[in-house]
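Results of the structural survey
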Amino acid sequence: MNTRRAEELAAALKEITDRIERACQRVGRSSDEVRLIAVTKTFPAADAAALLDLGVRNLGENRDQEAAAKVREVEELRPDTDVRWHMVGRLQRNKARPVARWAAEVQSVDSLRLADALTKAVRAALDAGERDRPLDVLVQASLDDDPSRGGCPVDDLSELADAIAQRSDYLHLRGVMAVAPLGADPEPAFERLASAAERLRRDHPEATEISAGMSGDLDQAIAYGSTCVRVGTALLGGRGLASP
Ligand SMILES: *Cc1c(COP(=O)(O)O)cnc(C)c1O
């Protein structure tokens, strides 16, 4: 491992954990309530391994192909480290099967059809010995009513959550996820997500996670109850113009 890069990542991680701590303090929350997912998409397995060396245990990816290869490489680099890989990006149904091999959690479940595809995929992966437990899932809420950015309309979340809860041999409903609308104040969106999460918890008390907040808006997300921030750029650096 390149020492310079390891030091750079250590400094960025310290900044992020301090930022999470301050955001929690401002609203009287404990930072133990907020998990950090390091979103390693477009960055090499060596960076992921360096983050593991720094104590990070939750890593996020948004494309199956890139993730599957990276997961294998990281396993070779750090065979004795337990890592939870999270699929945070849009997921096509035909990618459910490969994702069920490497993901501990899928945060972007936004339709019944995808939930069904994941159910079948997890069953097959369990049968094949490729995983040993159900898949944790978050239902992704659409906060901008733009279907091209993914997410389930807020009004349909409870139906989707009910369906997932009925497939509990394969899928464990853990909560909600959202991405704030582009180019708008994120606070009203996070507030809307918090009330959707609260409504969902009435029927599904185990669904306690709120995954919200990225490099640019994690402070606001924490103020509105986020329990999981997904950080790429602020930790690993810019991804360049061509990258998602
Ligand atoms: C890339 C990505 C992130 C991380 O975004 P940054 O702004 O780089 O921190 C978070 N969530 C999702 C769904 C992403 O695709």
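In this report, the structure presented in the accompanying data block is examined. (Residues numbered from 1 in each chain as written. Predicted model: local features only at pLDDT ≥ 70, side-chain atom pairs only at ≥ 80, totals over all residues. Heavy atoms only, no water.)

1. A few points about the overall build of the protein chain
The criterion, for reference: Numbering of helices and strands runs from the N terminus; a helix is a DSSP stretch of H or I covering at least four residues, while a strand is a stretch of E covering at least two. Using C-alpha atoms as the atom set, the radius of gyration is obtained and then compared with a globule rule of 2.2 Å times the number of residues to the power 0.38. Only protein chains enter the accessibility calculation, which uses a 1.4 Å probe; a residue is then buried when its area is under 20% of its type maximum, exposed when over 50%, and partly exposed in between. Whether two residues touch is decided by their heavy atoms; if any such pair falls within 4.5 Å, the residues are in contact. Exposure was quantified through the Shrake-Rupley algorithm and a 1.4 Å probe, taking into account, for residues, occlusion by the shown protein chains and nothing else.
In terms of helices and strands, the protein chain carries 9 helices and 9 strands. For 244 residues, the compact-globule estimate of 2.2 N^0.38 gives 18 Å, and the protein chain sits close to it at 17 Å. Projected onto the principal axes, the alpha-carbon positions of the protein chain cover approximately 50 × 45 × 35 Å. The 244 residues of the protein chain split such that 50% are buried. Put simply, of all contacts in the protein chain between residues at least 6 apart along the chain, 67% involve residues at least 24 apart. Accessible surface, the protein chain: about 11,700 Å² in total, of which carbon and sulfur atoms supply 46%.

2. Digging into helix α5 (residues 112-127)
Going by this rule: Multiply 1.5 Å by the residue count of a helix minus one, and that product is the helix's expected span.
Between the first and last C-alpha of α5 there are 23 Å, a value that for 16 residues agrees with the 22 Å anticipated at 1.5 Å per step. Buried residues of α5: L114, A115, A117, L118, T119, A121, V122 and A125, and no others. Residues of α5 that are buried sit in contact with α4 (96-102), β4 (105-109), β5 (135-142), α6 (157-165) and β7 (171-177). Just past α5, the residue G129 takes up positive phi, approximately 70 degrees.

3. Focus: helix α2 (residues 45-53)
Of all the 9 residues making up α2, 7 are buried; the element is thus mostly covered by neighbouring parts of the structure. The set of residues buried in α2 consists of A45, D47, A48, A49, A50, L51 and L52. Summarising the contacts, the buried residues of α2 are in contact with α1 (3-26), β1 (35-39), β2 (58-61), α3 (64-77), β3 (84-87) and α9 (233-236). Following α2 by one or two positions, G55 adopts a phi angle in the positive range, close to 100 degrees.

4. Looking at the side chain of T227
Examined against the element boundaries, T227 turns out to sit in the loop between α8 (218-223) and β9 (228-231). In this structure T227 comes out as buried when scored by relative accessible area, which is 13%. Contact partners of T227, with chain neighbours within four places excluded, come to R29, E33, V34, R35, T208, E209 and I210.

5. Things to note about the site of the ligand
Rules: If even one non-hydrogen atom of a residue comes within 4 Å of a molecule or strand, that residue is called near it. By the criterion applied in these results, polar contacts are pairs of N or O atoms within 3.5 Å in which, for protein atoms, one can donate a hydrogen and the other can accept it, and in which residues neighboring in sequence qualify only through two side-chain atoms. Residues are grouped as follows: nonpolar covers Ala, Val, Leu, Ile, Met, Phe, Trp, Tyr, Cys and Pro; charged covers Asp, Glu, Lys and Arg; every other residue, Gly included, is treated as polar.
Around the ligand, a shell composed of V39, K41, V88, M177, M214, S215, R230, V231, G232, T233 and R239 is seen. For the ligand, an oxygen atom lies 2.7 Å from a polar atom in the side chain of K41. Between the ligand and the protein, one listed contact pairs an oxygen atom with a backbone N or O atom of G232 at 2.8 Å. Compared with its free state, where it exposes 390 Å², the ligand has 88% of that area covered by protein. Grouping the constituent residues of the shell around the ligand by class yields 5 nonpolar, 3 polar and 3 charged.

6. Concerning the pairing of β4
This is how the line gets drawn: Any two strands between which DSSP finds at least two bridges are classified as paired. Here a crossover is taken to be right-handed if, once the strands point away from the viewer, the path from the first strand over the helix to the second is traced clockwise.
Here β4 lies mainly inside the structure; 5 of its 5 residues are buried. Pairing geometry for β3 and β4, over 2 bridges, is parallel. Residue pairing across strands places H86 opposite E105, the latter belonging to β4. Both β4 and β5 contribute to a ladder of 3 bridges, which runs parallel. Of the residues in β5, the one forming a bridge with V106 is V137. Taken together, β4, α5 and β5 form a β-α-β motif whose crossover is right-handed.

7. Observations concerning the nonpolar core
How we decide: For our purposes a nonpolar core is just a set of buried Ala, Val, Leu, Ile, Met, Phe, Trp, Tyr and Cys residues, chained together by side-chain atoms within 4.5 Å.
Core analysis: the biggest nonpolar cluster contains 72 residues, and I20, W102, V106, L118, I164, L171 and L235 have the highest contact counts within it. Contact partners of I164, with chain neighbours within four places excluded, come to V109, A115, V137, V139, L171 and L173.

8. Notes on the environment of L193
Considering the arrangement of structural elements, one finds L193 in helix α7 (residues 186-203). In this structure, the C-alpha to C-alpha distance between L193 and G225, residues 32 residues apart in sequence, is 9.3 Å. Discounting chain neighbours no more than four positions away, the residues touching L193 are A141, L143, V176, M177, A178, I210, S211 and A212.

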